[in-house]
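Chain and residue survey
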Amino acid sequence: MSVIDETGLENTKATKIEQAATGPISQYHLRIEPSKGWVSLKLRELWEYRELLYFLTWRDIKVRYKQTVLGATWAIIQPLMTMVVFSLFFGNLAKIPSDGIPYPIFSYAALVPWTFFAYGLQQSSNSLVMSANLLKKIYFPRLVIPISSVLSGVVDFMLAFLILLIMMLAYGIAPTINILFLPLFLLLAFTTSLGVGMWLSAMNVQFRDVKYTIPFITQFWMFATPIAYPSSLIENALLRTIYGINPMTGVIEGFRWALLKTDTAPRSIIIVSSLTAVLLLISGAFYFRRMEKTFADVV
Amino acid sequence: MIMGDIAIRIENLGKMYRVGGPQERYHTLRDSLTDIVSAPFKRAQSLLRGQVYGAAGLHEEIWALKDVFFEVKQGEVVGIIGRNGAGKSTLLKILSRITEPTTGSVDIYGRVGALLEVGTGFHPELTGRENIFLSGAILGMSREEIDRKFDEIVDFAGVERFIDTPVKHYSSGMGLRLGFAVAAHLEPEILIVDEVLAVGDAAFQKKCLGKMDEVAGEGRTVLFVSHNMAAVSNLCSRSVLLSAGHLIFDGDSEVTIDHYLNGEQIASALTIFDESDHNDQREALITHLQIRDTHRVEKLTFSIGEPIRLEIGIYSDNAISDPQLGIGVDNALGQRIFTVSTRIQDISLPSIQGSATIVCELPVMMLAPGRYMLKLAFGAHLEDLDVITGIAGFEVLATDYFGSGRLFDARQGVIYVTPTWSFHQNLEIVDEPAQH
């Protein structure tokens, strides 16, 4: 029944409640005050809300696979098709070197973490605006929203990674013991994605322009990252290390090193990349927390 | 413990919003050009400093809440009343930590559960079962807690048969029931409830009120916002009255309600609705309500029997075909006096795109003197697109309608009736119906 048809409110007979006896005194005490300037990250509270983080991540994954016809296949199609295009144009036509690895697997090993990063970046940047209704109706640590958006990409990553393993099998490339480091590089991609995502999502609440810049950011970033080409194109070792300021350089070189055993000795790149990623994460988190108080009023 | 039995202590609470002021006028082309160039930098600068409002170049300040002090004891059930825009929702949003105050502080002793909406966090693609877990987690329940209460929630909502059906296939009533069922099983020490009872049908509202009653009876602290004065006076022993952001009365519910009904002046014949008035669907908006008499003179107070003209502004970006409008008129106690709608009269309006005004001329009505509240619902194809409740509408004055020198008294009922009287010394009792 809709409101227009409604005939009226029925007066409910409810007995009036006399003031009840004093209940048990609660141990919880909360003080609400205006905050000024930079505020603490409240990581403990975030931890207390880990179940919500789990449920929101689970919702994002579930809804996406429910709403699309091809469902899980999308996770594979995107990096796979990009790999085909790259192999054709950069590998076959432009004859870009690939550190002695077959070009398709060289580029696909980079596209898998890249897709995870780009998806996380895009989802988290729009996450607050998409959750406007929640922001206005209920309290929870707002950081849960961008974090769950990035996390929801992990399932896609797993699927695309499975294809990578199959491709390696087909090309007869056996993974080495270095594969044990892979989760660390995934974590590095996660950190970068979330760091940037926190900056952009908080800005996006205020300026919807941000939404339109995201495709550009990811596109430029992609070409600034050694996905279609190897970082060994840069011969000067110092310059290569500086190249690591782009944290995704560390992720990609790390992936190739861990899986394909490329001989690019990426240690210094990875150290620089990790530092930048951590810096992005921390600054993003503080900026996010600082802007947080305005979200519900503005979004 | 020194804090004793205080559950909530509010001190000097204030919340300021900045709203768009008049745009600055550019004097010369050069000025505007330099502004175009420098504005993004200014904006970027203020963005980094965290001055979001300054960033958008807005300046007018509005205090939605100012100098508010009050305390709530543990186990107390307190009503918060006031007309739209008085600051009730802002107060609840601060107490539930959705937004931060600009001044002052609140101390809360106890775990807070806020219920500002029914079905918070529901996702239409997910099944009822999945949504119970999702919404429960969003409202602050642990998974173990939801597991334990799951059957009870399903039972309360009465949706056993559809528990594995996506919520998008639910009727709106079922969705509401499920949403409320989840929220009703929250067990916070302090419960904050907004106008959630304004949705749904009478049976649903009865169920909600019953549950509220139960919660209050368990000795938990409840803050309850409503436009339904009957519900407030039934549930709450104490109420506070807000007006234009200030707490203007605090006391026994009956006395506070009296103050509200008698003391509150209806501010203007033109009510422009803001953000907080609308529901969350934004396909179309009811933008304003203008009350006039039939000579199109703006007016708020009418004599008994005087026709009233209501002009309702609608705005929609997309074309809305087959639009419908409903108006409910409640008396000051929240009792529905009558409802009119284009749907029930089967009146078809042309499709609406952009702004439009729908005019409803109410004929001679014999309403008893008093204040009347309006509820507006705009929709299309049996669906509500925007609903606004609790609008302080018009006032009917106790005029000497019959010219008898006597005034109508509220105890005499809610409508005037003017019968035809006659007197007969020896009225014949006729068997046959009178001839026409």
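A quick note: this is a predicted structure, and the numbers were derived from the prediction, not measured. (Residues numbered from 1 in each chain as written. Chains lettered and ligands numbered in written order. Predicted model: local features only at pLDDT ≥ 70, side-chain atom pairs only at ≥ 80, totals over all residues.)

Description of the overall build of chain A
A tally of regular secondary structure across chain A gives 12 helices and one strand. Secondary structure of chain A in N-to-C order comes out as β-α-α-α-α-α-α-α-α-α-α-α-α. For chain A, the C-alpha atoms occupy an extent of roughly 80 × 45 × 40 Å along the three principal directions. Buried residues in chain A amount to 46% of all 299 residues. (Helix = DSSP H or I, 4+ residues; strand = E, 2+ residues; numbered from the N terminus. Buried ≥ 20, exposed ≤ 12 C-beta atoms within 10 Å, placed from the backbone.)

Observations concerning the overall build of chain B
Of the regular secondary structure elements, chain B holds nine helices and 18 strands. Taken across its 436 residues, chain B has 41% of its residues classed as buried. Taking the contacts inside chain B whose residues are at least 6 apart along the sequence as the reference set, 72% of them involve residues at least 24 apart. (Contact = placed C-beta atoms within 7 Å.)

Looking at the packing of helix H3 (residues 73-93) of chain A against helix H4 (residues 103-130) of chain A
Residue and element names in this part refer to chain A. The N-to-C vectors of H3 and H4 enclose an angle of 140°; their axes lie 9 Å apart at closest approach. As summarised for this structure, H3 and H4 are arranged oblique, according to the angle between their axes. Crossing geometry of H3 relative to H4 is assigned as right-handed. When H3 is examined against H4, the residues Gln 78, Pro 79, Thr 82, Met 83, Phe 86, Ser 87 and Gly 91 are found in contact with a partner set consisting of Tyr 103, Pro 104, Ser 107, Tyr 108, Leu 111, Val 112 and Thr 115. (Axes fitted to C-alpha atoms, helices over the stretch in contact; angles between N-to-C directions. Parallel < 35°, antiparallel > 145°, perpendicular 65-115°, else oblique. Left-handed = near helix turned anticlockwise from the far one by under 90°.)

Points about the sheet that holds strand S17 (residues 370-380) of chain B
All names here are of chain B. Strand order in the open sheet formed by five strands is S12-S18-S17-S14-S15, and the pairing between neighbours is mixed. Because the sheet does not close on itself, it has two edges, and the strands there are strand S12 (301-303) and strand S15 (336-341). Strand-to-strand twist in this sheet, taken as the mean axis angle between neighbours without regard to direction, amounts to 30°. As paired elements, S12 and strand S18 (residues 383-397) share three bridges and run parallel to each other. Across the sheet, the residue bridging to Thr 301 is Glu 395, located in S18. (Pairing = 2+ DSSP bridges.)

Description of the nonpolar core
Grouped together as the largest cluster of nonpolar side chains are 142 residues, with contacts concentrated most on Ala 109 and Val 112 of chain A together with Ile 80, Ile 192, Val 193, Leu 223 and Phe 224 of chain B. By residue number, the principal contributor to this core is H4 of chain A, which donates 14 residues. Discounting chain neighbours no more than four positions away, the residues touching Val 112 of chain A are Pro 79, Phe 157, Ala 160, Phe 161 and Leu 164 of chain A. In terms of nonpolar packing, the next biggest core, distinct from the first, is built from 30 residues, Leu 310, Leu 367, Leu 376 and Leu 385 of chain B among them. (Core = buried A, V, L, I, M, F, W, Y, C linked by C-beta atoms within 7 Å.)

A short note on the pairing of strand S13 (residues 308-320) of chain B
Residues and elements named next belong to chain B. Where strand S11 (residues 284-292) meets S13, eight bridges bridge the pair, whose relative direction is antiparallel. When the sheet's bridge partners are listed, Ile 291 is paired in S13 with Leu 310. Both S13 and strand S16 (residues 352-362) contribute to a ladder of 10 bridges, which runs antiparallel. By the bridge assignment for S16, Ile 312 is matched with Ile 358.

Thoughts on the environment of Asp 297 of chain A
For Asp 297 of chain A, the position within the fold is in helix H12 (residues 267-298). Sequence spacing of Asp 297 of chain A and Pro 175 of chain A is 122 residues, and the spatial spacing of their C-alpha atoms is 51 Å. With sequence-adjacent residues up to four places away left out, Asp 297 of chain A is seen in contact with Tyr 17 and Thr 99 of chain B.

Quick word on the sheet that holds strand S9 (residues 246-252) of chain B
Residues and elements named next belong to chain B. With respect to topology, six strands assemble into an open sheet ordered S5-S6-S7-S3-S8-S9, the strand pairing being mixed. Edge positions in the open sheet fall to strand S5 (112-115) and S9, since each of these has one partner strand only. Ignoring which end each strand starts from, the neighbouring axes of this sheet average 15° apart. As judged from the six bridges shared by strand S8 (residues 238-243) and S9, these two strands associate in the antiparallel manner. Note on S9: the bridge partner recorded for Leu 242 is Leu 247.

Notes on helix H9 (residues 209-223) of chain A
Taking 1.5 Å of rise per residue, the 15 residues of H9 of chain A would be expected to cover 21 Å, and the 23 Å separating its terminal C-alpha atoms lies within 8% of that figure. Approximately 25° is the largest bend angle found in H9 of chain A, and it occurs at Pro 215 of chain A. (Expected span 1.5 Å × (residues − 1). Bend = angle between axes of the 7 residues up to and from the residue.)

Observations regarding the packing of helix H5 (residues 143-157) of chain B against helix H6 (residues 172-184) of chain B
All names here are of chain B. Between H5 and H6, the shortest axis-to-axis distance is 8 Å and the interhelical angle comes to 140°. By the angle between their directions, the pair H5 and H6 is classed as oblique. For the crossing formed where H5 meets H6, the hand is right-handed. Together, Ile 153, Phe 156 and Ala 157 of H5 and Arg 177, Leu 178, Ala 181, Val 182 and Ala 184 of H6 make up the contact between the two elements.

Considering unusual backbone geometry
For Asn 12 of chain B, which is not glycine, the phi torsion reads 50° and is therefore positive. Mapped onto the fold, Asn 12 of chain B is located in strand S1 (residues 6-19).

Considerations on the confidence of the model for chain B
Detailed reading of the predicted coordinates is not advisable wherever pLDDT is low. Residue and element names in this part refer to chain B. Mean pLDDT over chain B works out to 80, with 80% of the residues at or above the 70 mark. At the level of individual helices and strands, chain B shows its lowest average pLDDT in helix H2 (residues 52-55), which scores 45, and its highest in strand S4 (residues 103-109), which scores 93. Counting contacts from residues 21-28, a segment whose pLDDT is below 50, to residues more than four positions away or on other chains yields six contacts. The model gives residues 52-58 a pLDDT under 50, and that stretch makes 14 contacts with residues more than four places away or in other chains. (pLDDT = per-residue confidence, 0-100.)

Let's talk about H3 of chain A
Each α-helix turn comprises 3.6 residues. Residues three or four places apart therefore point the same way. Residues and elements named next belong to chain A. With 21 residues, H3 should cover 30 Å at 1.5 Å per step; its first-to-last C-alpha distance of 28 Å lies within 8% of that length. Considering bend angle alone, the principal kink of H3 is centred on Ser 87 and spans about 35°. If you check which residues of H3 are buried, you get Ala 75, Pro 79, Leu 80, Met 83, Phe 86, Ser 87 and Gly 91. Structurally, H3 contributes buried residues whose contacts are with H4 and helix H7 (153-171).

With respect to the pairing of S15 of chain B
Residue and element names in this part refer to chain B. With five bridges joining them, strand S14 (residues 323-331) and S15 adopt antiparallel strand pairing. Bridging from a neighbouring strand, Val 329 pairs with Phe 338 of S15. Hairpin geometry of S14 and S15 is characterised by an intervening segment of four residues between the two adjacent antiparallel strands and by a positive phi of about 85° at Gly 334.

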